[in-house]
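Residue-level structural notes
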Amino acid sequence: MKDVHSTVDAVWKLESARIVAALARTVRDVGLAEELAQDALVSALEQWPETGVPDNPGAWLMTAAKRRAVDRIRRDRRREAKYEQVAHTAGNTDQHEPQQDDVLRLMFLSCHPVLTATERVALTLRLLGGLTAAEIARAFLTDEPRIAHRIAGAKRKLAEAGAAAFDMPDGQELSERLASVLEVVYLVFNEGYAATSGDDLMRPGLCLEALRLGRLLAESAPGQAEVHGLVALMEVQASRAAARTGPDGEPVQLHEQNRGRWDQLLIRRGFTAMLRAREAARETGGPPGPYVLQAAIAVCHAQARTAEDTDWAQIATLYEALARLLPTPVVRLNRAVAAGMAHGPRAGLDLLDALADDPALRDYHLLPSVRGDLLARLERHAEARLEFTRAAALTRNAAERAFLLRRAAGLAVQDTGGITATGPPGVTLAEAARDFLARDDLDTSTVRSYGQTLRRLCRGLGDGLPLASLTPGHVARVFASAWGDAAPRTWNRHRSAVRTFAAWADLGDLTTDVERRAEIRTPVEPISAARLDALLGRPGLALRERTLWRLLHESSAPVRTVLSLNVEDLDLADRRARTAGTWVTWRHRTALLLPELLGGRTRGPLFLSDRRPGPARTPGEADLCPETGRRRLSYERAEYLFKQATKALDPAGDGCTLRQLKELKDRG
Amino acid sequence: MRYLMMAKADENAPAPDEKLFAEMGAFIEEITAAGILLATGGLDPASAVRVTSSGDEITVTDGPFAEAKEAIAGFALVEVRSHEEALELARRFRRITGDGESILQQVFN
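Residues numbered from 1 in each chain as written. Chains lettered and ligands numbered in written order. Predicted model: local features only at pLDDT ≥ 70, side-chain atom pairs only at ≥ 80, totals over all residues. Heavy atoms only, no water.

The subject of this paragraph is the overall build of chain B. Each helix and strand in chain B was counted, giving two helices and six strands. Seen in sequence order, chain B has helices and strands lined up from the N terminus as β-α-β-β-β-β-α-β. Considering only C-alpha atoms, chain B reaches an extent of 45 × 35 × 20 Å along its principal axes. Taking all 109 residues of chain B together, the buried fraction comes to 28%. A separation of at least 24 residues holds for 77% of the contacts in chain B among residues at least 6 apart in sequence. Summing over all exposed atoms, chain B offers an accessible surface of approximately 6,900 Å²; the carbon and sulfur share of this is 57%. (Helix = DSSP H or I, 4+ residues; strand = E, 2+ residues; numbered from the N terminus. Buried < 20%, exposed > 50% of the residue type's maximum accessible area, 1.4 Å probe, protein only. Contact = heavy atoms within 4.5 Å. Areas by Shrake-Rupley, 256 points an atom, 1.4 Å probe, with all protein chains shown as cover.)

Rendered as structure tokens:
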């Protein structure tokens, strides 16, 4: 029984793409096509244990699926016009025979522009690879319901896109749609390539899925140079799979790999694909695309018998062309590496320094790692050591971290032997940050906030950076990459944290290159009075909330001011309170609620939290009610409760803010 | 995972006809396109050479050999997801070739 099951599974994986592709063409609905094919699979599972596996299981499944299609059509004929068309085509058996373009069309469909990248990947693996949702989930380290949901969503979108989605693209659209297919295939490949030895085997299995998809694509679209380029790239990369990790799972860099362990069969297949790419490019003309260029680089490496034989000049040229087409930070980083090898470390460093501010690379360990390498070659050992330490702190791979720390330590040995070893190195940035945060005059939320800023600074610049060498330029670099896109408020908060730290450490002004940003208050869309009434009329709404919201509405006072009110500030008779130098006034509806809220209290915060504070949080005396022992209601909590209550009012589903209550006074 | 499929020579089998060539051609084309077949080839029995080592001595004997039944007539190196997939391919192969025998072994990675 189990044997038949695994046979059915194997047959399904080998045949499902063609079956689903042929059905999708005739019924013009991927969801339905897959359903019909799945039904056929179920009957195979029912029948084959009895009858044995048929001689031609693929054809058996195809016939069974076709029969189901016809049954289905008869049943639904009157219900939906869509099936009329199917009925028409289903009568004609030729229509169901697999056609040359079926699988290619299914690929285009699975990578359709109406789908998101993750939907494309899931649907492609499902329909073209025949993988189950559970298998895809395991491969992508996520859970099955999520993948199943994603696939269902993708099918729904395709159904909404209508029959036009099934048309084979041509002309300019063809190359755009093809680019999207190639992207999905390469994404699947890289996901598998990034897997480590401890991972579930489904993950490295993704490399095979991608290779198969790529090879299949190359046969289906032989005139497209980029397709062959991608296949060549994947074949050559896959050829290094065995050599790229050491015995303990640590990564082995390309130039240190044992080239005897490279898979020559895959390399040869890569070369062949590269030749086909060149041939296709010759016919269509035009400059090489990004996959052909990347493949050419991979081929260059594969052709070198030893690392020393590598044609770096050629690789640097190819990267230059690639960086023009695809100026991603990672490509530019690799270009710097190639230039460093071809034209000396200085050239590499110049290219690299232009990348330092890129937010995309701020946590990318290869940036400091490459920089460290170039600096080491320039004999700038102290700086190199710092970069390696930084890279070690950023990488998530333990083996790689050990490797980077070894490189850093290796440089230290050389330094102490030289004349550069002069006295103790002084306090490092990380040590200073630790001491600064350990001061006892900071409250917990301040420590948390400062800690955030300083941790980012340490990650960006390296824990080991001597404090004395910290410059405004360093700080500006971290700010640009870490908070370049942040809201002005966030930017300014980090800025003032650095200023406080610098003042404490006696470093002068470190923020001269970091300008303060103007904080623009976001315009507030008020909540209508009718809506507020409806909100306050809800059964079960706590008295505190009813009073607070009503008071905010009637007073139009700032939220913080209202929350800071104390019982002793209130003048119930005149419907006003004096606090922090201003008056807060209200009208009759608040006046009706206040006495009940006070419940006889004579002093302490007006609005109290629900619970007594825990032992870890001891608020100041001013924020504690002397009668109940409860703490003052915090802005965060009040805001949270209001957002929860108003979720239904907000089209975005986030809920409204308390500030939206305040603006009502003029209209109220 | 990779499997090496070896088809044994069978002197009693009828000479391959056009139908077999066509079917085999289509099969090879299909699994090449699907990215499964990595390498394949037929082996020339007349070119067989036996190299035997015993102690320090190495003996080279030219073929063809009498026990032709044991000789390998062709091979296919396939890349598959599972043992079952390899088995399924071998089934399809045998269905095309008719009577005879194939050996299927996983290649150590």
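For the rest of this paragraph, the subject is the overall build of chain A. Of regular secondary structure, chain A possesses 29 helices and three strands. For chain A, the C-alpha radius of gyration of 33 Å lies well beyond 26 Å, the compact-globule estimate for 668 residues. By its C-alpha atoms, chain A is 95 × 90 × 50 Å across when sized along the principal axes. Taking all 668 residues of chain A together, 47% fall into the buried category. A separation threshold of at least 6 residues defines the contact pool for chain A, and within that pool the share at least 24 residues apart is 63%. Per element, the accessible surface of chain A, about 33,300 Å² overall, is 50% carbon and sulfur. A distance of 4 Å separates the average location of the 92 positive side-chain charges in chain A from that of its 87 negative side-chain charges. (Rg over C-alpha atoms; globule rule 2.2 N^0.38 Å. Lys, Arg positive; Asp, Glu negative; His and termini not counted. Charge placed at Lys NZ, Arg CZ, Asp CG, Glu CD.)

Residue and element names in this part refer to chain A. Tallied over the entire structure, the rule returns eleven aromatic pairs over all chains. Summarising the aromatic geometry, the rings of Y186 and Y291 are spaced 5.8 Å apart at their centres and angled 85° between planes, so their arrangement reads as edge-to-face. Within this pair, whereas Y186 is found in helix 9 (residues 171–193), its partner Y291 is found in helix 13 (residues 290–303), the two being separated by 105 residues in sequence. Each of the two residues, Y186 as well as Y291, counts as buried. Between F189 and Y193, the ring centres sit 5.4 Å apart and the planes meet at 20°, which makes this aromatic pair stacked. Here F189 and its partner Y193 are both found in helix 9, four residues apart, which amounts to about one turn of the helix. A residue is classified by how much of its surface remains accessible, and F189, at 0% relative accessible area, is buried. Residue classification places Y193 among the buried positions, given a relative accessible area of 15%. Through a chain of ring-to-ring contacts, three or more aromatic side chains come together here, namely Y186, F189, Y193 and Y291. In this arrangement the basic side chain of R240 is found over the ring face of W262, its NZ or CZ atom lying 5.6 Å from the centre. One cation-aromatic arrangement involves R576 over W583; the distance from NZ or CZ to the ring centre is 4.0 Å. (Phe/Tyr/Trp six-rings, centres within 6.5 Å; stacked < 30°, edge-to-face > 60°. Lys NZ or Arg CZ within 6 Å of the ring centre and 35° of its normal.)

Negative phi values dominate among residues other than glycine, just as trans dominates among peptide bonds. All names here are of chain A. One non-glycine residue, D506, lies in the positive phi region at around 60°. Mapped onto the elements of the fold, D506 is located in the loop between helix 23 (488–505) and helix 24 (529–536). Classification of D506 by relative accessible area gives exposed; the value is 72%. We note that S556 has phi near 60°; this positive angle belongs to a residue other than glycine.

In this section: the packing of helix 15 (residues 329–343) of chain A against helix 17 (residues 366–377) of chain A. Residue and element names in this part refer to chain A. Viewed as axis vectors pointing N to C, helix 15 and helix 17 meet at an angle of 15°, and their least axial separation amounts to 11 Å. When the axis of helix 15 is compared with that of helix 17, the two are roughly parallel. Helix-helix and strand crossings are classified by hand; for helix 15 and helix 17 the assignment is left-handed. In contact with L333, V337, G340 and M341 of helix 15, helix 17 contributes L366, L367, V370, L374 and R377. Partitioned by chemical class, the residues of the contact of helix 15 with helix 17 number seven nonpolar, one polar and one charged. (Axes fitted to C-alpha atoms, helices over the stretch in contact; angles between N-to-C directions. Parallel < 35°, antiparallel > 145°, perpendicular 65-115°, else oblique. Left-handed = near helix turned anticlockwise from the far one by under 90°. Nonpolar A, V, L, I, M, F, W, Y, C, P; charged D, E, K, R; others polar.)

Here we come to the interface of chain B and chain A. If you look at the interface, chain B gives 21 residues, while chain A gives 24 residues. Carbon and sulfur atoms make up 52% of the area that chain B and chain A hide from each other, which totals about 1,900 Å². Run the count over chain B and chain A and you get six salt bridges. For the salt bridge of E15(A) with R92(B), the shortest nitrogen-to-oxygen distance reads 3.3 Å. The set of elements that each furnish at least two residues to the side of chain B that touches chain A consists of helix 1 (18–33), strand 2 (37–42), strand 5 (72–79) and helix 2 (83–97) of chain B. For the side of chain B that touches chain A, the residue count by class is nine nonpolar, two polar and ten charged. (Buried area = accessible area lost by both parts, 1.4 Å probe. Salt bridge = Lys/Arg side-chain N within 4 Å of Asp/Glu carboxyl O.)

The subject of this paragraph is the pairing of strand 2 (residues 576–579) of chain A. All names here are of chain A. Residues A577 and T579 point to one face of strand 2 and are all buried, whereas R576 and R578, pointing to the other face, are not buried. Here two bridges tie strand 1 (residues 570–571) to strand 2, and the two strands are oriented antiparallel to one another. When the bridges of strand 2 are listed, D571 appears paired with R576. Connecting strand 1 to the next strand, strand 2, in antiparallel fashion are four residues, including R575 with a positive phi near 55°. Here strand 2 runs beside strand 3 (residues 582–585); their pairing, made up of four bridges, is antiparallel. Opposite R576, over in strand 3, you have T585 as the bridge partner. Between strand 2 and strand 3, which follow one another and run antiparallel, lie two residues, and A580 among them has a positive phi close to 45°. (Pairing = 2+ DSSP bridges.)

Let us look at helix 2 of chain B. Here helix 2 of chain B spans 21 Å end to end across 15 residues, near enough to the 21 Å set by a 1.5 Å rise per residue. Of the residues making up helix 2 of chain B, those classed as buried are E85(B), A86(B), E88(B), L89(B), A90(B), R92(B), F93(B), R94(B) and I96(B). (Expected span 1.5 Å × (residues − 1).)

Residue and element names in this part refer to chain A. Within the fold, G270 resides in helix 12 (residues 264–284). For the pair formed by G270 and S496, sequence separation is 226 residues and the distance between their alpha carbons is 55 Å. Dropping the residues within four chain positions of it, G270 is found in contact with A232, E235 and V236.

Structurally, the position occupied by E23(B) is in helix 1. A C-alpha to C-alpha distance of 18 Å links E23(B) and G35(B), two positions twelve residues apart in sequence.

Residue and element names in this part refer to chain A. Of all hydrophobic cores here, the largest spans 106 residues; its most connected members are L106, L128, F189 and M234. Counting residues per element, this core draws most heavily on helix 1 (residues 2–27), at twelve residues. Those residues in contact with F189 that lie beyond four places of it in its chain are L206, C207, A210, L211, M234, Q237 and A238. (Core = buried A, V, L, I, M, F, W, Y, C linked by side-chain atoms within 4.5 Å.)

One open sheet accounts for three strands, arranged 1-2-3 (chain A); its pairing is antiparallel. Pairing within the sheet leaves two strands with one partner each, and these edge strands are strand 1 and strand 3 of chain A.

This next bit is on the pattern of salt bridges. With the rule as written, the count across this model stands at 40 salt bridges over all chains. The shortest N-O distance in the salt bridge between R269(A) and E235(A) comes to 3.4 Å. Remark: E235(A) occurs in helix 11 (residues 225–239) and R269(A) occurs in helix 12; sequence separation between them is 34 residues. Taking the relative accessible area as the measure of exposure, R269(A) reaches 18% and is therefore buried. What makes E235(A) buried here is its relative accessible area of 1%. One salt bridge in this structure joins E383(A) and R380(A), with 2.8 Å as the shortest N-O distance. Through salt bridges with shared partners, a single ionic network connects R215(A), E235(A), D263(A), R269(A), R2(B) and E79(B).

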